[in-house]
Amino acid sequence: MSNNYLNMDLLRFTTAGSVDDGKSTLIGRLLYDSKSIFEDQMEAIENASSKKGEEKVNLALLTDGLRAEREQGITIDVAYRYFATPKRKFIVADTPGHIQYTRNMVTGASTANLAIILVDARNGIVEQTKRHSFIASLLGIPHIIYCINKMDLVDYNEKAFSKIKEELTGFSSKLVTKDIRFIPISAINGDNIVNRSHKMQWYEGSTLLHTLENIHIASDYNLIDCRFPIQNVIRPQIKEFHDFRGYAGRISGGVFKKGDEVVVLPSGFHSKIKSIITFNKEIEEAHAPMSVTLTLSDDLDISRGDMIVRENNQPRILKEIELMVCWLGENPLTEKGKYTVKHTSNEVRGIVKEVLYKIDINTLHRNVNDLKINCNDIARITMKLSQPLLVDKYKDNRSTGSLIIIDENTNNTVGAGMII
Amino acid sequence: MNKYQLSHLEELEAESIFVIREVASQFEKPVLLFSGGKDSIICYHLARKAFYPANVPFPIMHIDTGHNFDELYQFRDELVKETKARLIIASVQKSIDEGKVIEEKGINSSRNKLQTTTLLDSINEYQFDCAMGGARRDEEKARAKERFFSHRDDFGQWDPKNQRPELWNLFNGKKNFGEHFRAFPISNWTEMDVWQYIMKENIKIPSLYFSHERECFIRNNVVMAKTDFIKTKPEEKVQKMRVRFRTIGDATCTGATISDADTLEMIINEVSASRTTERGGRADDKRSEAAMEDRKKEGYF
């Protein structure tokens, strides 16, 4: 057997589209054509399709996991799907089209390398297209693929595609995301999904799957700014490792090497990396997003929530932060309200100082008149913190630049914040 | 791949270790549920990696139906001895003896469902505030909706329509007194990832996963092992077959696969060629379309 699997990498993507853009059909098609649907699953959806009186097998039923979803024919919550080709493993965050849309898309987008945004070839850009693009860009997704779907309904016409592509190119120049691509597809018939379409000879680009397999994702992690938030302190109370003191965590940015001069924040202690440990093995260097344990040359008093960085490249230490927030809670954001803020391995209390503006999600305009922030709203706010946090700008580092806001009364996660 | 890029297995491993370390930090008394199946073996392996060179800072707990294969008990006890694990055995038989649950009757009876009561009682008894398990989202459609950190109310119930959003790698384990969490470190792994990782890391697994000869019979198109815990109908002919198990659960509801795969390479080839899911042989999932969702809501794994 080949050891090919040791060289596969991992791409996480999210899908977005309006209600009838064929999102579930597209995912079903990707799974089906890449042979990731099993016979017993197929049998189950065939039964379900015929029970509902549908003629064709409804690939959309594959993605609806909960009883309520299948009964009502809607998707309630983010679901994760998996498939692999010999090149890559894929994790798909499938987010629902209508209920709680923003909240779910933000959740799915937070860990994604790539967003597929579906556009109906008959309708072109609609408000939702702008909304999805804005969220993908806000969440710092590095790659966007616009799939112009239902090409079969516009006779696979090249002009229909080019017109939408041109409009989208103009619009998307305003986004932070720079890698933007366009593919004409028909999810229901499988054109340009896995196999090239014979009906669109004019299209010279790659199929969707080929693009997903080959898009360059090695640069998606920040490998420049060294950040190591400490999760746990490892102190084995056993004889062989009596004086051992290690710091366990997941590298949030950069490359750490044995012998590197480092600074521990917020205390500011200087030390050197003595060793980098994985399971009973020492390594010379480690990079984001590896989980490792570091030991330092000096015995220092450091704990969870502290961060190991390089002297000449440090995060900001802020007690007051400005951020874009997506509100997820059922109760509106309360100005002057107190919340718990979770950031890397740190937890502090925070108070919302000011709401600067709300984004009108349909026009993308700033609204300074209506500052009431409800569920699914996106706003720019400032917060004052009980203790300083070690932060980077979200656009520089999605890990040290993000935080969640927790309601202290309900313990629910009510806000997703991106630090500016 | 370039030097500073992780393979899919390395990235999954890094994510799972991160989750296990978060559980150890955010909860006072976590426990790892251990069935002796490959997924819980992987979780335990990852936990050992996460805290090396210290010992795993939480116990492992086996919810034992008493209807497991001998090979499984033997494997469990050897692993515990070798790695100095702290093992808690929670017995379904005890729950039956104490009258907390009533054993199912009839030919298809299984103790699978009864495990929920034993699990919830044990969580209460030991005051565990987080139970980690090896469930994966690719296994079953209700599990595809599961979070890494999954909140349970004071009845141990799951409310799938009202889950906390989970963003980036920021896990919210806050709860009120009496509530607990379930955490699933290998949520993003598929069956194939698990097998590839077992091979890459050379992890020991029970012999039941490899092809062997065993007395079996066929029920509802599923090959079942003949054990003392399962009654056969007169027309069900018991015969020797070469089989292996794709999943290992309670012997009364886990089907075998006819297979000659007796090495990891052969198993991986078999899994990649397989056209059915691994839970296809699980009678517990076949009871209805939402069988798993219903069991999970009540507090099942």
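Sequence order as written defines the numbering, with residues in each chain counted from 1. The naming scheme follows written order: chains are lettered A onward, ligands numbered 1 onward. Reporting in this predicted model follows two pLDDT cut-offs: at least 70 for local features of residues, and 80 or more for side-chain atom pairs to be given and counted; totals over whole chains, interfaces and linings ignore these cut-offs and use all residues. Remark: hydrogens and water are excluded; side-chain values derive from all non-hydrogen atoms of the structure.

A. View of the nonpolar core. For our purposes a nonpolar core is just a set of buried Ala, Val, Leu, Ile, Met, Phe, Trp, Tyr and Cys residues, chained together by side-chain atoms within 4.5 Å. To sort residues, take the accessible area from a 1.4 Å probe on protein chains only and compare it with the maximum for the residue type: under 20% means buried, over 50% means exposed, and anything in between is partly exposed. Membership of the largest hydrophobic core comes to 72 residues, with the highest contact counts inside it found for Ile-42, Phe-149 and Trp-195 of chain B. With 8 residues, the single largest contributor to this core is helix H2 (residues 38-51) of chain B. Contacts are assigned to residue pairs with any non-hydrogen atoms lying within 4.5 Å of each other. Among all residues touching Ile-42 of chain B, those that are not within four sequence positions of it are Ile-186, Trp-189, Val-194, Tyr-197, Ile-198 and Ile-203 of chain B. Ranked by size, the runner-up nonpolar core spans 71 residues in total, among them Ile-116, Met-151 and Ile-406 of chain A together with Leu-167 of chain B. Secondary structure elements follow DSSP: runs of H or I no shorter than four residues count as helices, runs of E no shorter than two count as strands, and numbering proceeds from the N terminus.

B. Representation of the sheet that holds strand E10 (residues 255-258) of chain B. Residue and element names in this part refer to chain B. Strands qualify as paired when DSSP identifies two bridges or more between them. Strand order in the closed barrel formed by 4 strands is E7-E8-E10-E9, and the pairing between neighbours is antiparallel. If you compare each strand with its neighbour and ignore which way they point, the axes differ by 70 degrees on average. Taken together, the 4 bridges between strand E7 (residues 212-219) and strand E8 (residues 222-225) define a ladder with antiparallel strand orientation. Opposite Ile-218, over in E8, you have Val-223 as the bridge partner. Axis definition: a line fitted to C-alpha atoms, limited for helices to the stretch in contact. Angles are taken between N-to-C directions and run from 0 to 180 degrees.

C. Just the environment of Pro-165 of chain B, in detail. Along the polypeptide, Pro-165 of chain B turns up in the loop between strand E5 (149-152) and strand E6 (180-183). What makes Pro-165 of chain B buried here is its relative accessible area of 9%. Considering only alpha carbons, one finds Pro-165 of chain B and Arg-242 of chain B, 77 residues apart in sequence, at a separation of 46 Å. Residues in contact with Pro-165 of chain B, not counting those within four places in the same chain, are Arg-103, Thr-107, Leu-328 and Thr-413 of chain A together with Arg-147 of chain B.

D. Focus on the interface of chain A and chain B. Chain A puts 85 residues into the contact, and the matching count from chain B is 73 residues. Simply put, the buried area is the total loss of 1.4 Å probe accessible area from both parts when two parts are fitted together. Summed over both partners, the interface of chain A with chain B comes to about 6800 Å²; 57% of that surface belongs to carbon and sulfur atoms. Among the residues chain A hides against chain B, the three largest losses belong to Tyr-5, Phe-279 and Asn-411 of chain A. Together they make up 11% of the total. Whenever Lys or Arg places a side-chain nitrogen within 4 Å of a carboxyl oxygen from Asp or Glu, that contact is recorded as a salt bridge. One can count 6 salt bridges joining chain A with chain B. Two residues, Glu-285 of chain A and Lys-3 of chain B, come together in a salt bridge whose shortest N-O distance is 3.2 Å. Under this grouping Gly is polar, as are all residues other than the nonpolar Ala, Val, Leu, Ile, Met, Phe, Trp, Tyr, Cys and Pro and the charged Asp, Glu, Lys and Arg. In the side of chain A that touches chain B, the residues fall into 40 nonpolar, 25 polar and 20 charged.

E. Structural context of the packing of aromatic side chains. Stacked, edge-to-face and tilted labels apply to pairs of Phe, Tyr and Trp rings (six-membered ring for Trp) whose centres lie within 6.5 Å, assigned for plane angles under 30 degrees, over 60, and everything in between, in that order. In the structure shown here, the tally under the stated rule is 24 aromatic pairs over all chains. Between Phe-83 of chain A and Phe-90 of chain A, the ring centres sit 4.7 Å apart and the planes meet at 20 degrees, which makes this aromatic pair stacked. Summarising the burial analysis for this pair, Phe-83 of chain A and Phe-90 of chain A share the class buried. Summarising the aromatic geometry, the rings of Phe-149 of chain B and Phe-171 of chain B are spaced 5.1 Å apart at their centres and angled 20 degrees between planes, so their arrangement reads as stacked. A residue pair is termed long-range when its members are at least 10 positions apart, and Phe-149 of chain B in strand E5 and Phe-171 of chain B in the loop between E5 and E6 qualify at 22 residues. Grouping residues by exposure puts Phe-149 of chain B and Phe-171 of chain B together as buried. Taken together, Phe-18, Phe-27, Phe-148, Phe-149, Phe-171 and Phe-181 of chain B form an aromatic cluster joined through their ring pairs. Geometrically, a charge over a ring is one whose NZ (Lys) or CZ (Arg) sits within 6 Å of the ring centre while staying within 35 degrees of the ring normal. Taking NZ or CZ as reference, Lys-29 of chain B lies 5.4 Å from the ring centre of Phe-128 of chain B, over its face. Geometry around Tyr-80 of chain A places Arg-137 of chain B over its ring, the cationic atom sitting 4.2 Å from the centre.

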